[in-house]
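Structural characterization, general
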Amino acid sequence: MDTKLQEIIIFAKNKLAHDKTGHNFDHIERVVKMAQNLAKQQTGNVDLAVILAAAYLHDTIDDKLVANQQVALTQVINLLENLQFTPDQIKNITNTITKMSYSTSLNGKQELSIEGQIVQDADWLDALGAIGIMRAIYYGGAHGEKIYDPKIAPRDNMTKQDYRNLDNETIINHFYEKLFKLTSMLNTKQARQIAAKRQQFMADFVTNFKNEWDALS
Ligand code: ADP
Ligand code: NI
């Protein structure tokens with residue numbers, strides 16, 4: 001593997017080493033692999049170095065993980081400059097990682113380059129299907145969420161602040177507040193194809209969950 005990428009991996013690993021909310025490095029590795037797969041299937045030209053860098057770095061500036069997002073972004077830029085990425089590549093990578101998250105897409109998706117769209121699709125696919133269910137439970141558990149409460153309705157039209165406010169959050173509601181919305185928000189045809197199966201699996205899971213729950217009342 002090229003040494004630039006090795007430096008990026010070391011940087012990302014250090015940043016995410018202590019996270020317990022589902023941003024563990026295994027998430028990053030899945031996003032990298034998925035982004036590579038999606039990139040291979042694109043007909044036009046894509047900058048694979050930008051895709052790999054953005055995939056590895058996408059959570060290193062996450063507001064949940066770092067105290068100061070601006071400081072974290074400056075560290076990313078310094079790293080990329082040291083590794084001799086071009087100014088255009090650096091702009092592409094920072095634009096991608098600051099604008100791709102669901103929480104920054106709540107009032108509408110932000111404009112991303114094709115490389116950014118691929119990394120966003122790869123990240124969002126990791127929130128879907130069996131893996132996505134597992135991550136939601138892991139995150140909900142780490143934040144003390146109830147698994148379900150039929151009296152608490154899922155929220156709509158959330159701001160970023162609402163999205164991060166977990167006072168009344170349940171894991172089942174997260175499916176309605178985010179997971180079921182992701183499939184139609186994906187960018188590439190290939191990602192939408194993968195998502196369709198995962199979406200069905202999650203829908204079945206929630207249906208079964210509610211049936212088991214309701215059978216008790
Ligand atoms: P984003 O960075 O796109 O805003 P997050 O970082 O909030 O997404 O999500 C990280 C993981 O935790 C995802 O798998 C997501 O579905 C899950 N997650 C986020 N918020 C909640 C929540 N309130 N309850 C359960 N899981 C959640
Ligand atoms: Ni991510």
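Residues numbered from 1 in each chain as written. Chains lettered and ligands numbered in written order. Predicted model: local features only at pLDDT ≥ 70, side-chain atom pairs only at ≥ 80, totals over all residues. Heavy atoms only, no water.

So, on to the coordination of the nickel ion (ligand 2). Coordination of the nickel ion (ligand 2) by the protein is provided by His27 (NE2), His58 (NE2), Asp59 (OD) and Asp123 (OD), with metal-donor distances spanning 2.0 to 2.7 Å. If you look at the nickel ion (ligand 2), its four donor atoms make angles of 79 to 169° with each other, and the shape they trace is irregular. (Donors = N, O, S within 2.8 Å, 3.2 Å for Na, K, Ca; no water. Tetrahedral: all angles 85-135°; square planar, octahedral: opposite > 155°, others 65-115°.)

Turning next to the packing of helix H2 (residues 25–40) against helix H6 (residues 114–125). Look at H2 against H6: their axes get within 8 Å of each other, and the N-to-C directions meet at 130°. When the axis of H2 is compared with that of H6, the two are oblique. The element H2 and its partner H6 pack so that their crossing is right-handed. Where H2 abuts H6, its residues His27, Val31, Met34, Ala35, Leu38 and Ala39 lie against Ile118, Val119, Asp121, Ala122, Asp123 and Leu125. Across the contact of H2 with H6, the residue classes break down as nine nonpolar, one polar and two charged. (Axes fitted to C-alpha atoms, helices over the stretch in contact; angles between N-to-C directions. Helix = DSSP H or I, 4+ residues; strand = E, 2+ residues; numbered from the N terminus. Parallel < 35°, antiparallel > 145°, perpendicular 65-115°, else oblique. Left-handed = near helix turned anticlockwise from the far one by under 90°. Contact = heavy atoms within 4.5 Å. Nonpolar A, V, L, I, M, F, W, Y, C, P; charged D, E, K, R; others polar.)

What follows covers the environment of Ile171. Mapped onto the fold, Ile171 is located in helix H9 (residues 171–182). When its relative accessible area of 6% is taken as the criterion, Ile171 is described as buried. For the pair Ile171 and Ile133, spaced 38 residues apart in the sequence, the C-alpha separation amounts to 9.3 Å. Beyond its immediate chain neighbours, meaning those up to four positions away, Ile171 contacts Ala136, Ile137, Gly140, Gly141, Glu145, Lys146 and Ile147. (Buried < 20%, exposed > 50% of the residue type's maximum accessible area, 1.4 Å probe, protein only.)

Count 3.6 residues to each turn of an α-helix, and residues three or four apart come out pointing the same way. If you check helix H4 (residues 69–82), its first and last C-alpha atoms are 20 Å apart, about what 14 residues at 1.5 Å a residue would give, namely 20 Å. At its buried positions, H4 is contacted by helix H1 (3–16), helix H3 (48–57) and helix H5 (87–99). Positive backbone phi, at 60°, marks Gln84, one or two positions downstream of H4. (Expected span 1.5 Å × (residues − 1).)

The next subject is the nonpolar core. In terms of nonpolar packing, the biggest core is built from 61 residues, with Ile8, Tyr56, Leu57, Leu80, Phe85, Ile93 and Leu125 touching the most fellow members. Setting aside anything within four residues of it in sequence, one finds Tyr56 in contact with Leu5, Ile8, Ile9, Ala12, Phe25, Ile28 and Val32. (Core = buried A, V, L, I, M, F, W, Y, C linked by side-chain atoms within 4.5 Å.)

A separate point is the side chain of Asp149. Among the structural elements, Asp149 can be located in the loop between helix H7 (129–142) and helix H8 (160–164). At 2.7 Å, the side chain of Asp149 and the side chain of Lys146 are in polar contact. (Polar contact = N/O pair within 3.5 Å; in protein donor to acceptor, adjacent residues only side chain to side chain.)

On to the pattern of salt bridges, then. Following the criterion strictly, the structure yields 10 salt bridges and no others. Note that Arg30 and Asp26 form a salt bridge whose closest N and O atoms lie 2.8 Å from each other. With Arg30 and Asp26 both in helix H2 and four residues apart, this pair spans about one turn of that helix. For the salt bridge of Asp156 with Lys181, the shortest nitrogen-to-oxygen distance reads 3.3 Å. With Asp156 in the loop between H7 and H8 and Lys181 in helix H9, the pair connects residues that are 25 residues apart, well separated along the chain. Look at Asp156 and you get exposed, because its relative accessible area is 57%. We classify Lys181 as partly exposed; its relative accessible area is 30%. Three or more residues joined by partner-sharing salt bridges are found here, namely Asp26, Arg30, Asp126 and Arg135. (Salt bridge = Lys/Arg side-chain N within 4 Å of Asp/Glu carboxyl O.)

Everything listed is a geometric property; what it means functionally is a separate question.
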